[in-house]
Amino acid sequence: IFVMKAQSLGLEVSKPFGENHAFDFHVESRRLGSFRVQVKSAWMHVPRGPYIINLKDRWRNRRSGYDVVVIYIARLDFWYVIPRSAINHIYLRLYPRSTNPRTKYEIYRNGWRTLTGDVHDDTRLIGLTIHANAE
């Protein structure tokens, strides 16, 4: 889901070979360069409570770690694109249904501008280019 979404926004996405990296994807942006992206998803939450995202200990390793965390709240089809510099805990608490705009990470909801550099519209779709071979 992340790869399709990122590609629809004009980002180039590649997956590093092996499982020994502290990030899931390498993303190239025409405007901003490259990013190491950690992708997480949340499927369940406590009623009237937050979605809790566990970043384990990957957040501590700055040299080989990630630059951006992308979180997908599947039930609500919400995306959070959070720069590493904004994260200071292993557990993130997201309150997407809150009416309080001051919750810490709500400013990063649909924050694709962090990766695309497009400050005007985080939800635009420019389409996918699919290359296929008939063989």
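Going by the structure above, here's the rest.
Residue numbers here run from 1 along each chain, matching the order of that chain's written sequence. The predicted nature of this model means local features are confined to residues of pLDDT at least 70 and side-chain atom pairs, given and counted, to a pLDDT of 80 or more, with totals for whole chains, interfaces and linings taken over all residues. The basis for the side-chain values is all heavy atoms of the structure; hydrogens and waters are excluded.

K.L.:
How do you make sense of the pairing of strand β6 (residues 78–83) when you look at a structure like this?
P.N.:
Looking along a regular strand, one sees the side chains alternate between the two faces of the sheet. For every residue, the accessible area (1.4 Å probe, protein chains only) is compared with the maximum for its type, and the residue is labelled buried under 20%, exposed over 50%, or partly exposed between those bounds. Secondary structure is summarised from DSSP: a helix means a run of H or I of at least four residues, a strand means a run of E of at least two, and numbering begins at the N terminus for each. Among the 6 residues of β6, 5 are classified as buried, and the element is accordingly described as predominantly covered. Following DSSP output, two strands are said to pair if at least two bridges run between them. As paired strands, strand β5 (residues 68–73) and β6 are joined by 6 bridges and run antiparallel to one another. By the bridge assignment for β6, V69 is matched with I82. Counting the residues between successive antiparallel strands, the hairpin from β5 to β6 contains 4 residues, one of them, D77, with a positive phi of roughly 55 degrees.

K.L.:
I'm lost on the packing of aromatic side chains in this one. Help?
P.N.:
Two measures describe an aromatic ring pair: the distance that separates the ring centres and the angle between the ring planes. The criterion for an aromatic pair is that two Phe, Tyr or Trp rings (for Trp, the six-membered ring) have centres within 6.5 Å, with stacked assigned to planes under 30 degrees apart, edge-to-face to planes over 60 apart and tilted to the rest. The final tally for this structure, using the stated rule, is 5 aromatic pairs. Residues Y105 and Y108 carry aromatic rings whose centres are separated by 6.5 Å and whose planes lie at 40 degrees to one another, so their mutual orientation is tilted. On the accessibility criterion, Y105 (6% relative accessible area) is buried. Among the residues examined, Y108 registers a relative accessible area of 18% and is labelled buried. Cluster of aromatic residues (ring-pair linked, three or more members): F2, F25, Y72, W79 and W112. The criterion is that NZ of a Lys, or CZ of an Arg, lies within 6 Å of the ring centre and within 35 degrees of the ring normal, and then a charge sits over that ring. One cation-aromatic arrangement involves K15 over F25; the distance from NZ or CZ to the ring centre is 5.1 Å.

K.L.:
Would you explain the pairing of strand β3 (residues 33–42) in this entry?
P.N.:
Two elements, strand β2 (residues 25–29) and β3, share 5 bridges in a ladder whose sense is antiparallel. What sits directly across from F25, in β3, is V37. If you look at the hairpin formed by β2 and β3, you'll find 3 residues sitting between the two strands. Across 6 bridges, β3 lies against β5 in parallel orientation. Bridge assignment links V39 to a residue of β5, and that residue is V70.

K.L.:
Got a minute to help me understand the pattern of salt bridges in this structure?
P.N.:
By definition, a salt bridge exists where a carboxyl oxygen of Asp or Glu is found within 4 Å of a side-chain nitrogen of Lys or Arg. The tally for this structure, following the rule as stated, stands at 2 salt bridges. Linking D67 and R36 is a salt bridge whose minimum nitrogen-to-oxygen distance equals 2.9 Å. Taken together, the residues span a long stretch of sequence, with D67 in the loop between β4 (51–54) and β5 and R36 in strand β3 at a distance of 31 residues.

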